[in-house]
Amino acid sequence: HGVTVEIKEGLLKENKKVKVYDLPGVYSLYPVTMEEKTAIEKVNETKGLIVAIIEASTLTIALETVFSLIRKNKRVLIAVNMVKELTSSGGNIDFDALKNLLPAPIVYGEFNSKKGIENLLLAIKNYTVKKIDVKENFLSATRYKKYFTPPKYKESVFDKFALNKFFGYLV
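What you see is a predicted model, and the numbers here were worked out from it, not measured in a lab.

## Some remarks on the overall build of the protein
- For the protein, the count of helices and strands is six helices and seven strands.
- Reading the protein from its N end, one meets helices and strands in the order β-β-α-β-α-β-α-β-α-β-α-β-α.
- If one aligns the C-alpha atoms of the protein with their principal axes, the spans along those axes are about 60 × 35 × 35 Å.
- Classification of the 171 residues of the protein by burial places 32% in the buried group.
- Taking the contacts inside the protein whose residues are at least 6 apart along the sequence as the reference set, 67% of them involve residues at least 24 apart.
- Counting every atom, the protein has about 11600 Å² of accessible surface; 56% of that belongs to carbon and sulfur.
- Computed over 27 positive and 19 negative side-chain charges, the inter-centroid distance for the protein is 4 Å.

Printed below as a string of structure tokens:
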């Protein structure tokens, strides 16, 4: 969220018939900003595959948006990015458990540094719809929290000063 501010369009290198859209990020299907409104409109009109690229540290929050798309009968592939950043800060995701439980295929990697792109392209190429009942109770991210350990917050020197009960007032 916040990186792409307008829709970018291109063709897949491997298959020039496949259009790819890079949309502004959203936190829900209820837009707040113009960028989110534009992205939601494009998502609502698409009949193709939606690759939801999720930052690993916000997995459970982002799953709520993904589940909203699934409830709307959209075809979704979950791509979890920045896993190394999550694990280096003390967090973790049990991908083996999630692959079997989630109502959409999931792939992970460091896509912003091009690591895992091959796996992502393979997942797109081999995408198959999982048969699900959208009324099932598994379409709630709270069910998946036990497979996700959030990153540990490390307090910086500035935080210790700015959040101090005495010096914080000065800041």
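## Re the environment of Leu29
- Here Leu29 is to be found in the loop between strand 2 (19-22) and helix 1 (34-45).
- Distance in space between the C-alpha atoms of Leu29 and Val43 is 9.3 Å, their sequence separation being 14 residues.
- The residues touching Leu29, leaving out its near neighbours within four places in the chain, are Ile40, Thr65, Ser68, Leu69 and Lys72.

## Quick notes on the environment of Val43
- For Val43, the location among the structural elements is in helix 1.
- By relative accessible area, Val43 is classed as buried at 11%.
- Separated by 22 residues in sequence, Val43 and Tyr21 place their C-alpha atoms 9.9 Å apart.
- Among all residues touching Val43, those that are not within four sequence positions of it are Leu23, Ile50, Leu69 and Lys74.

## Some points on the pattern of salt bridges
- Going through the model one piece at a time under the given rule, you end up with three salt bridges.
- For Lys37, the salt bridge goes to Glu41, with nearest N and O atoms at 3.5 Å. Of this pair, Lys37 and Glu41 both sit in helix 1, four residues apart, roughly one helical turn.

## Comments concerning the packing of aromatic side chains
- Inspection of every chain in the model, using the stated rule, returns two aromatic pairs.
- Measuring from ring centre to ring centre gives 5.7 Å for Phe67 and Tyr144, while their planes differ by 50 degrees; the resulting arrangement is tilted. Taken together, the residues span a long stretch of sequence, with Phe67 in helix 2 (residues 59-71) and Tyr144 in the loop between helix 5 (117-125) and strand 7 (148-149) at a distance of 77 residues.
- Measuring from ring centre to ring centre gives 3.9 Å for Phe95 and Tyr108, while their planes differ by 15 degrees; the resulting arrangement is stacked. Taken together, the residues span a long stretch of sequence, with Phe95 in helix 4 (residues 95-101) and Tyr108 in strand 6 (residues 106-109) at a distance of 13 residues.

## Considerations on a nonpolar patch on the surface
- There is a patch of nonpolar side chains on the surface, built from Phe161, Phe166, Phe167 and Leu170 and spanning about 480 Å² of accessible area.
- By the element assignment, Phe167 lies in the segment after helix 6 (157-162).

## Details of the sheet that holds strand 6
- Spatially, three strands are ordered 3-4-6 in an open sheet, and the strand pairing comes out parallel. Of all strands in the sheet, those bounded by a partner on one side alone are strand 3 (49-55) and strand 6. Taking each pair of neighbouring strands and ignoring which way they run, the sheet shows an average axis angle of 25 degrees.
- Pairing geometry for strand 3 and strand 4 (residues 75-81), over seven bridges, is parallel. If you follow Ile53 over to strand 4, its bridge partner there is Ala79.

## Section: the environment of Pro105
- You can see Pro105 is positioned in the loop between helix 4 and strand 6.
- Considered as a pair, Pro105 and Ile117 are 12 residues apart in the sequence and their alpha carbons are 15 Å apart.
- When neighbours within four sequence positions are excluded, Pro105 is seen to be in contact with Val76, Leu77, Ile78, Tyr127 and Thr128.

So, how was this worked out
Residues numbered from 1 in each chain as written. Predicted model: local features only at pLDDT ≥ 70, side-chain atom pairs only at ≥ 80, totals over all residues. Heavy atoms only, no water. Helix = DSSP H or I, 4+ residues; strand = E, 2+ residues; numbered from the N terminus. Buried < 20%, exposed > 50% of the residue type's maximum accessible area, 1.4 Å probe, protein only. Contact = heavy atoms within 4.5 Å. Areas by Shrake-Rupley, 256 points an atom, 1.4 Å probe, with all protein chains shown as cover. Lys, Arg positive; Asp, Glu negative; His and termini not counted. Charge placed at Lys NZ, Arg CZ, Asp CG, Glu CD. Salt bridge = Lys/Arg side-chain N within 4 Å of Asp/Glu carboxyl O. Phe/Tyr/Trp six-rings, centres within 6.5 Å; stacked < 30°, edge-to-face > 60°. Patch = residues over 30% accessible without salt bridge, like charges linked within 9 Å, V, L, I, M, F, W, Y side chains within 5 Å. Pairing = 2+ DSSP bridges. Axes fitted to C-alpha atoms, helices over the stretch in contact; angles between N-to-C directions.

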